[in-house]
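Structural features, examined
Take a look at the letters that make up each chain.
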Amino acid sequence: MGILLQTSGKAFGIGNGGTVSVTIPSAPRLAMFVYTQDAATAITWGSQSLGSKTQVAYPGDATTGDLWYLANPTTGTQNLTFTVSSGTVNVLYAVFSDVDTTLGFPLSFQGNATPGFATGVGVTISPQYSGSWTIDFVGLSSPAAYAGPGAGQTLITSLDYSSGFSWSYKPGASVMTWGGTSAMWAIGAFELKYGGDMSEVP
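Residues numbered from 1 in each chain as written. Predicted model: local features only at pLDDT ≥ 70, side-chain atom pairs only at ≥ 80, totals over all residues. Heavy atoms only, no water.

**Focus: the nonpolar core**
In globular proteins that are soluble, nonpolar side chains generally tend to be buried together. For clarity, the threshold we go by: We define the nonpolar core as a collection of buried residues of types Ala, Val, Leu, Ile, Met, Phe, Trp, Tyr and Cys that are connected through side-chain atoms lying within 4.5 Å of one another. Throughout, exposure labels follow a simple rule: accessible area from a 1.4 Å probe, protein chains only, divided by the maximum for the residue type, with under 20% read as buried, over 50% as exposed, and the rest as partly exposed. Numbering of helices and strands starts at the N terminus; helices are DSSP runs of H or I of at least 4 residues and strands are runs of E of at least 2. A contact between two residues is defined here by any heavy atoms of the two lying within 4.5 Å.
Ranked by internal contacts, the top residues of the largest apolar core, which has 23 residues, are Phe33, Phe96, Ile135, Trp167, Phe190 and Leu192. Contributing elements (two or more residues each) for this core: strand 3 (31–37), strand 7 (65–71), strand 9 (89–97), strand 12 (133–140), strand 15 (164–171) and strand 17 (185–192). In this structure, Leu192 is in contact with Ile3, Phe33, Phe96, Val99, Phe105, Ser132, Trp133 and Ile135, ignoring residues within four places of it in sequence. Listed in part, the 21 residues of the second largest apolar core include Leu30, Ile43, Trp68 and Tyr93.

Below, the structure is given as structure tokens:
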């Protein structure tokens with residue numbers, strides 16, 4: 001059947017010790033990802049701790065987008081709990097099923113940022129396995145500049161709060177793009193390997 005998006009959502013202004021309630025349905029080979037705008041120092045799902053990968057910072061801006069991940073999260077309704085050193089974070093989350101969680105995350109990660117103002121951004125990765133999805137996460141300096149993901153990409157969730165802050169997926173992709181009007185852009189992308197197909201792309 002392939003990878004499936006099981007649930008996704010967003011939350012605004014989460015401070016230190018703040019929580020977001022999420023329900024994860026029972027499904028095989030689950031992987032949870034959380035994308036935070038501005039830095040959290042730790043995130044837990046119940047008693048499980050998420051690992052992190054920092055996205056490139058927005059050029060000329062103190063804001064960063066951080067990717068957090070957890071293989072095989074427990075199912076049911078629990079809280080994502082955030083440790084934040086100062087201020088608050090804005091949050092996107094998504095859970096996928098039928099993912100190969102044995103190789104670690106984020107697989108084949110690549111990042112890119114515009115050197116100044118531009119009308120969009122893109123990143124290229126080379127998927128290593130058949131049946132993979134590419135997941136990208138993007139931030140830009142002005143939500144008014146946001147137009148949306150490129151051809152063939154499916155929007156997961158968009159925050160568009162204090163700045164454009166979104167992510168999308170595309171089965172088998174190697175190039176991910178976002179467009180809009182003039183802004184500073186940053187993007188990260190990684191491969192999500194299908195858990196039911198263990199063969200490499202020839």
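**What to know about the pairing of strand 9**
Basically, it comes down to this: Whether two strands pair comes down to DSSP finding at least two bridges between them.
Burial analysis of strand 9 places 9 of its 9 residues in the buried class, the great majority of the element. Alternating positions in strand 9 separate into two faces, Val89, Val91, Tyr93, Val95 and Ser97 on one and Asn90, Leu92, Ala94 and Phe96 on the other, with burial throughout. As judged from the 8 bridges shared by strand 1 (residues 4–14) and strand 9, these two strands associate in the antiparallel manner. Counted as the bridge partner of Gly9 is Tyr93 from strand 9. When strand 3 meets strand 9, the two strands line up antiparallel, connected through 7 bridges. Across the sheet, Phe33 pairs through a bridge with Ala94, a residue of strand 9.

**So, the pattern of salt bridges**
Filter applied, for reference: Counted as salt bridges are all cases of a side-chain nitrogen of Lys or Arg within 4 Å of a carboxyl oxygen of Asp or Glu.
Summed over all chains, the structure comprises 2 salt bridges. Here Arg29 ties to Asp98 by a salt bridge, and the two come within 2.8 Å at their closest N and O atoms. With Arg29 in the loop between strand 2 (19–24) and strand 3 and Asp98 in the loop between strand 9 and strand 10 (107–113), the pair connects residues that are 69 residues apart, well separated along the chain. You can call Arg29 partly exposed: its relative accessible area is 38%. Between Lys193 and Asp100 there is a salt bridge; the shortest N-O distance is 3.0 Å. Of this pair, Lys193 sits in the segment after strand 17 while Asp100 sits in the loop between strand 9 and strand 10, and the two are 93 residues apart along the sequence. A single burial state applies to Lys193 and to Asp100, both of which are buried.

**Overview of the sheet that holds strand 6 (residues 51–54)**
Convention followed: An axis is simply a line fitted to the C-alpha atoms; with a helix, the fit covers only the stretch in contact. Between two such axes, the angle follows the N-to-C directions and lies from 0 to 180 degrees.
With respect to topology, 5 strands assemble into an open sheet ordered 1-9-3-7-6, the strand pairing being antiparallel. Either end of the sheet is taken by a strand with one partner, and the two such strands are strand 1 and strand 6. Ignoring which end each strand starts from, the neighbouring axes of this sheet average 20° apart.

**A look at unusual backbone geometry**
Here Phe105 and Pro106 are connected by a cis peptide whose omega angle stands at -10°. Positionally, Pro106 belongs in the loop between strand 9 and strand 10. In the Ramachandran plot, Ser108 falls in the positive-phi region, its phi being about 60° despite a non-glycine side chain. Residue placement: Ser108 occurs in strand 10.

**Examining the pairing of strand 3**
Among the 7 residues in strand 3, 7 count as buried, and that is most of the element. Every second residue of strand 3 is oriented toward a common face, with Ala31, Phe33, Tyr35 and Gln37 on one face and Met32, Val34 and Thr36 on the other, all of them buried.

**Topic: the packing of aromatic side chains**
Let me state the cut-off plainly: Between 30 and 60 degrees the pair is tilted, below 30 it is stacked and above 60 it is edge-to-face, where a pair is any two Phe, Tyr or Trp rings, Trp via its six-membered ring, whose centres lie within 6.5 Å. Lysine and arginine charges are scored as sitting over a ring when NZ or CZ, respectively, is within 6 Å of the ring centre and within 35 degrees of the ring normal.
One pass over the full model with this rule turns up 11 aromatic pairs. Where Tyr35 meets Phe137, the ring centres are 4.9 Å apart and the plane angle is 70°; that geometry is what we call edge-to-face. You can see Tyr35 sitting in strand 3 and its partner Phe137 sitting in strand 12, a full 102 residues away along the chain. Here Tyr69 and Phe105 contribute two aromatic rings whose centre-to-centre distance is 6.1 Å and whose plane-to-plane angle is 70°, an arrangement assigned as edge-to-face. Linking Tyr69 in strand 7 with Phe105 in the loop between strand 9 and strand 10, this pair joins segments that are 36 residues apart in sequence. Like Tyr69, the residue Phe105 is buried in the burial classification. Through a chain of ring-to-ring contacts, three or more aromatic side chains come together here, namely Phe33, Tyr35, Tyr69, Phe96, Phe105, Phe109, Trp133, Phe137, Phe165, Trp167, Tyr169 and Phe190. The lysine or arginine in question, Lys193, covers the ring of Tyr129, its NZ or CZ lying 4.7 Å from the ring centre.

In short, shape yes, function no, at least from these values alone.
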